[in-house]
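# Structural features, examined
Residue-level listing of the chains:
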Amino acid sequence: MYTTINDIILVEDNKSDAMLTTRALKKHNLANSLIHLVDGAQALDYIFGRGEFEGRNIEDRPRVIFLDIKMPKVSGLEVLTVLKSDERTKQIPIVMMTSSQEEKDIIESHKLGVNSYVVKPVGFANFSKTIADLGFYWLVVNNTPQ
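The structure contained in this document is the topic of the report that follows. The structure displayed is predicted, hence computed values, not measured ones. (Residues numbered from 1 in each chain as written. Predicted model: local features only at pLDDT ≥ 70, side-chain atom pairs only at ≥ 80, totals over all residues. Heavy atoms only, no water.)

### Section: unusual backbone geometry
The following threshold applies: Labels follow the DSSP assignment, with helices taken as runs of H or I lasting at least four residues and strands as runs of E lasting at least two, numbered in each case from the N terminus.
In this structure, Lys73 takes a positive phi of about 70° despite not being glycine. Position of Lys73 among the secondary structure elements: in the loop between β3 (64-67) and α3 (76-84).

### Thoughts on the nonpolar core
We apply this condition: In these notes, a set of buried Ala, Val, Leu, Ile, Met, Phe, Trp, Tyr and Cys residues joined through side-chain atoms within 4.5 Å is what counts as a nonpolar core. When a residue's accessible area, from a 1.4 Å probe over protein chains only, is under 20% of the maximum for its type it is buried; when over 50% it is exposed; and in between it is partly exposed. Throughout, a residue-residue contact means that at least one pair of heavy atoms, one from each residue, lies within 4.5 Å.
Residues Ile9, Ile65, Leu67, Leu83 and Met96 are the most contacted members of the largest nonpolar core, which totals 24 residues. Broken down by secondary-structure element, the contributors of at least two residues to this core are β1 (8-11), β2 (34-37), α2 (40-47), β3, α3 and β4 (94-98). Excluding residues that lie within four positions of it along the chain, Leu67 makes contacts with Val11, Gly76, Val79, Leu80, Ile94, Val95, Met96 and Met97. With 18 residues, the next largest nonpolar core counts Leu34, Val64, Val118 and Phe127 among its residues.

### A look at the sheet that holds β4
We count it as follows: By definition, two strands form a pair when at least two bridges between them are found by DSSP. Angular values range over 0 to 180 degrees, each being the angle between N-to-C directions of two axes fitted as lines to C-alpha atoms, with helices fitted over their stretch in contact.
A sheet is described by the order of its strands in space; here five strands give the open sequence β2-β1-β3-β4-β5, paired in parallel fashion. In this open sheet, the two edge strands, each paired with only one partner strand, are β2 and β5 (116-119). Each adjacent strand pair in this sheet contributes to an overall mean axis angle of 20°, direction not counted. Pairing between β3 and β4: three bridges, direction parallel. By the bridge assignment for β4, Leu67 is matched with Met96. Packed onto the sheet, helix α5 (residues 124-141) meets β1, β3, β4 and β5 and runs at close to 155° relative to β3.

### Things to note about the packing of helix α1 (residues 15-27) against α5
To be explicit about the condition: Working definition: roughly parallel below 35 degrees, roughly antiparallel above 145 degrees, roughly perpendicular at 65 to 115 degrees, and oblique for all remaining angles. Crossing handedness is defined as follows: a turn of the near helix away from the far one that is anticlockwise and smaller than a right angle gives a left-handed crossing, while the clockwise case is right-handed. Throughout this entry, Asp, Glu, Lys and Arg are counted as charged residues, while Ala, Val, Leu, Ile, Met, Phe, Trp, Tyr, Cys and Pro are counted as nonpolar. The remaining residues, Gly among them, count as polar.
Here α1 crosses α5 at 60°, and the two axes come no closer than 8 Å. Our classification of the angle between α1 and α5 gives oblique. Viewed along their axes, α1 and α5 form a crossing whose handedness is right-handed. Two secondary-structure elements touch here, α1 through Asp17, Leu20, Thr21, Arg23, Ala24 and Leu25 and α5 through Phe124, Phe127, Ser128, Ile131, Ala132 and Gly135. Across the contact of α1 with α5, the residue classes break down as seven nonpolar, three polar and two charged.

Listed below in structure tokens is the structure:
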């Protein structure tokens, strides 16, 4: 049985971006309960307690999901669509973290109910600061019902 409660779910297929994100959050003591999932299919399995996460208590919801938009198997937009249309998960804050600055992606994400759309900054220092700021906001400042 899978029983870990994670405050942050990071759904990111790029290993370097995932490592930098995790590192930035750890540096600011915001990654104590983070799980990194590598694609949208794995994210949906985790959230709904299926596949390798069979038996996970799906009532243990994360406080925020950091979601990449362009991933193999199931895209971030597809994950967003599923989560925001399900009564059990629609209240989970989702931050789309992507390199896409395409207007159609931004508009579609907001139409589907994303809570925030952030373009990944270039450069380690800017990337780290943005991630730390996001983590601090969603875990410390923001009040979202669980």
